[in-house]
Amino acid sequence: LNPSRIDCGVSSACAGADLLFLLELLHRGGQATVVLPTDKAEFEKTFLFGTWVSKFQEVIGNPNTKIRLAQPQSGEDVWDACRREIFAATRELANLLDQPRLLLVVWDGNSRTYVKSAIDLWMAEGDPVDRIILQPTETRAAAQNAGPH
């Protein structure tokens, strides 16, 4: 976050990079907008495990955190709705601050995932993407440090 001087951001709150980004942003005194596919209680129960639950609670309990619920349109997957809502929230924030948007992603560089579809959407709009690519040993170490499932 230092090189880009990031002090506000929009993210989902999934276990892993999402929550680590949000915590770092908040620990630096930044402002966070969290986009969830369900209400907080259902998200915690369905999508989090182990120590990620307390990290999530710390993020949503911080006074510098705003929560937005994704509203899926007819036939839309909840994660597509989250991606759309994150995209819209970052556009609003960029316009308000008169700053360009930046997508900061942690990605293995190969898998066809939600992250890849977000990168494609962002790049189609001509916005910059800053990728942190994990090597397989870093991925395993991160998973081991995440705690039990």
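Worth saying up front: this structure is predicted, and the values here are computed from it rather than measured. (Residues numbered from 1 in each chain as written. Predicted model: local features only at pLDDT ≥ 70, side-chain atom pairs only at ≥ 80, totals over all residues. Heavy atoms only, no water.)

A. A look at the confidence of the model for the protein chain. Averaged over every residue, the pLDDT of the protein chain is 81; the share at 70 or more is 81%. Per-element mean pLDDT across the protein chain ranges from 48 in helix α6 (residues 136–145) up to 97 in helix α3 (residues 52–61). (pLDDT = per-residue confidence, 0-100. Helix = DSSP H or I, 4+ residues; strand = E, 2+ residues; numbered from the N terminus.)

B. Just the layout of surface pockets, in detail. Here the second largest pocket is characterised by a volume of approximately 230 Å³. Taken together, 13 residues make up the lining of the second largest pocket; nearest its centre are V10, T33, K66, L93 and L96. Elements that contribute at least two residues to the lining of the second largest pocket include exactly β1 (8–11), β2 (31–36), β3 (65–69) and α4 (78–97). Considering each element in turn, the lining of the second largest pocket owes the most residues, four residues, to α4. The residue inventory of the lining of the second largest pocket, partitioned by class, reads six nonpolar, four polar and three charged. (1 Å grid on protein atoms, 1.4 Å probe; cavity = no way out; pocket = protein on both sides within 12 Å on 5 of 7 lines; lining within 4 Å. Points joined across faces, edges and corners; volume = space filled by probe spheres on them. Nonpolar A, V, L, I, M, F, W, Y, C, P; charged D, E, K, R; others polar.)

C. Layout of the nonpolar core. Among the nonpolar cores identified, the biggest contains 24 residues, and A13, L19, L22, F43, F56 and V59 are the most heavily contacted of them. When residues of this core are traced back to their parent elements, those giving at least two are α1 (17–27), β2, α3 and α4. Ranked by residues supplied to this core, first place goes to α1 with six residues. Leaving out residues up to four positions away in the same chain, L19 has contacts with A13, C14, L48, W52, K55, F56 and V59. With five residues, the next largest nonpolar core counts F87, V105, I119 and W122 among its residues. (Core = buried A, V, L, I, M, F, W, Y, C linked by side-chain atoms within 4.5 Å. Buried < 20%, exposed > 50% of the residue type's maximum accessible area, 1.4 Å probe, protein only. Contact = heavy atoms within 4.5 Å.)

D. Structural detail: the pattern of salt bridges. If you walk through the whole model with that rule in mind, you get six salt bridges. Between E42 and K45 there is a salt bridge, with the nearest N and O atoms lying 3.7 Å from each other. A residue pair is termed a helical-turn pair when its members lie 3 or 4 positions apart in one helix, as E42 and K45 do in helix α2 (residues 40–47) at three residues. Residue K45 is classed as exposed on the basis of its relative accessible area of 64%. Salt bridges sharing partners connect three or more residues here, namely R68, E85 and E92. (Salt bridge = Lys/Arg side-chain N within 4 Å of Asp/Glu carboxyl O.)

E. Highlighting the packing of α2 against α3. Viewed as axis vectors pointing N to C, α2 and α3 meet at an angle of 160 degrees, and their least axial separation amounts to 10 Å. Between α2 and α3, the angle is such that the two are roughly antiparallel. As α2 packs across α3, the resulting crossing turns out to be right-handed. Contacts between α2 and α3 involve K40, F43 and E44 from the former and V53, F56, Q57 and I60 from the latter. Grouping the amino acids of the contact of α2 with α3 by side-chain chemistry returns four nonpolar, one polar and two charged. (Axes fitted to C-alpha atoms, helices over the stretch in contact; angles between N-to-C directions. Parallel < 35°, antiparallel > 145°, perpendicular 65-115°, else oblique. Left-handed = near helix turned anticlockwise from the far one by under 90°.)

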